[in-house]
Amino acid sequence: MAKRIVLADPRGFCAGVDRAILTVQTILKAAGSLREDGLPPVYVRRQIVHNRHVVEDLAAQGAVFVQELAEVPDAAAKAGIPIVFSAHGVSPTVKAEAAARGMHVVDATCPLVSKVHREVLRFVKEGYEIVYIGHKGHDEAVGVVGENPEHVHLIEHAGDVDSLDFAPDTKLVLLSQTTLSIDETAGTIAALKARFPWIKEPPSSDICYATSNRQAAVKLVAERSDCVVIVGSANSSNSVRLMEVAQDALGERGVAHRVDDAGEMDPSWFDGVEAVGVSSGASVPDELVSGVIASLRDRGFTDVTSVETIKENMHFVLPAELRRQPSPAR
Ligand code: SF4
């Protein structure tokens, strides 16, 4: 019997990533040829999405990526060169800095991340202290906590709950990063509720549809595989969570690996393996998954089946200022 590939569906691009990439592509297309003043057509603050290949591809088309706004020259701000904020969102400090410099901002923050920012503002206004479950230093968490560092208390795991101390009359609510592990977060929420039984949850989970759907699919895939390969970059929170979820489902039976592309796969991973599960993070173009499948086929994994858990039809429109621009060819 042929060795098998078990492919997760859904996998790869989510609506927020698609919108963020299309935002930069649309600006690049509208800019057309090179400017006479030598300035680039667009700056992007941080990685537009956490995927090395996506960033390298847009940089090759002329986008200039910066870590901080200070790296954007005044001449570019004065010339109205757009600066795009990434899908992960920014704190008000960054917005204020851009405004002070008169920059032309195009905000590609995923609407589902913006929703968490709005929740912070609303709950703080209503007098709540917010316990935010997220990853310290991740761009999304930095942006959300930055909305009100005094009232937003970041914890990463259930083990951090002991470090919190609130009087019983404190109004408390919990919010979370959009790309966490559903199972691990459930454990953290249980620990929070045990310590602060009056803590309130948001009206709907902050963990987004794409994260939930990809984790549910990879769980089933891992249950049918002896080894799992997740395509996604090391700084992609949802890709790393997919690897962890797959590893949990595999248990002792096998190992889940994360790669940026097929070139990072080690042939020894597949010794004695009959079925390899494959999925990809929400920031990963499907051609990178195709590369992994082609490489596995060369190793004798020729029978490809899909495990489809749900059909996704989520779509976000472009930022308002770009909606009348012609779409780039895709
Ligand atoms: S993973 Fe979720 S929150 Fe993040 S960009 Fe995609 S849809 Fe938006």
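Reading the values: the criteria
- Residues numbered from 1 in each chain as written.
- Predicted model: local features only at pLDDT ≥ 70, side-chain atom pairs only at ≥ 80, totals over all residues.
- Heavy atoms only, no water.
- UniProt positions renumbered as here; feature names shortened; annotations may be inferred.
- Helix = DSSP H or I, 4+ residues; strand = E, 2+ residues; numbered from the N terminus.
- Buried < 20%, exposed > 50% of the residue type's maximum accessible area, 1.4 Å probe, protein only.
- Contact = heavy atoms within 4.5 Å.
- Polar contact = N/O pair within 3.5 Å; in protein donor to acceptor, adjacent residues only side chain to side chain.
- Salt bridge = Lys/Arg side-chain N within 4 Å of Asp/Glu carboxyl O.

- Looking at an unreviewed UniProt entry, one finds the protein chain named 4-hydroxy-3-methylbut-2-enyl diphosphate reductase and attributed to Bifidobacterium amazonense.
- Turning to the protein chain, the UniProt record has this under Sequence similarities (unreviewed entry): "Belongs to the IspH family."
- Per its UniProt entry, the protein chain bears the Function (unreviewed entry) comment "Catalyzes the conversion of 1-hydroxy-2-methyl-2-(E)-butenyl 4-diphosphate (HMBPP) into a mixture of isopentenyl diphosphate (IPP) and dimethylallyl diphosphate (DMAPP). Acts in the terminal step of the DOXP/MEP pathway for isoprenoid precursor biosynthesis."

### Looking at the UniProt feature "binding site: isopentenyl diphosphate" (unreviewed entry) in the protein chain
Piece 1. Summarizing the sequence annotation, UniProt attributes the feature "binding site: isopentenyl diphosphate" (unreviewed entry) to His50, His88, His138, Ser236, Ser237, Asn238 and Ser283 in the numbering used throughout.
Piece 2. Summarising the element assignment, His138 is placed in the loop between β6 (129-133) and α6 (139-145).
Piece 3. Residue class for His138 comes out buried when judged on its relative accessible area of 12%.
Piece 4. Those residues within four positions of His138 in sequence are excluded, and the remaining contacts are His50, His88, Gln177, Asn235 and Ser237.
Piece 5. Here the side chain of His138 touches Glu140 through a polar contact of 3.0 Å, landing on its backbone nitrogen.
Piece 6. Along the chain, the position of Ser236 falls in the loop between β9 (227-231) and α9 (237-250).
Piece 7. With relative accessibility at 2%, the residue Ser236 sits in the buried group.
Piece 8. Setting aside residues up to four positions removed in sequence, Ser236 forms contacts with His50 and Ser283.

### Comments concerning the pattern of salt bridges
Piece 1. The full count for this structure, using the stated rule, is 17 salt bridges.
Piece 2. Between Glu126 and Arg122 there is a salt bridge whose closest N-O contact spans 3.7 Å.
Piece 3. On the basis of relative accessibility, which here comes to 36%, the residue Glu126 falls in the partly exposed class.
Piece 4. Note on Arg122: relative accessible area 36%, which makes it partly exposed.
Piece 5. Between Lys219 and Asp183 there is a salt bridge; the shortest N-O distance is 3.0 Å. Of this pair, Lys219 sits in helix α8 (residues 209-223) while Asp183 sits in helix α7 (residues 182-195); the two residues are 36 residues apart in sequence, bridging distant segments of the chain.
Piece 6. Salt bridges sharing common partners tie together Arg52, Glu56, Asp260, Asp261 and Glu264.

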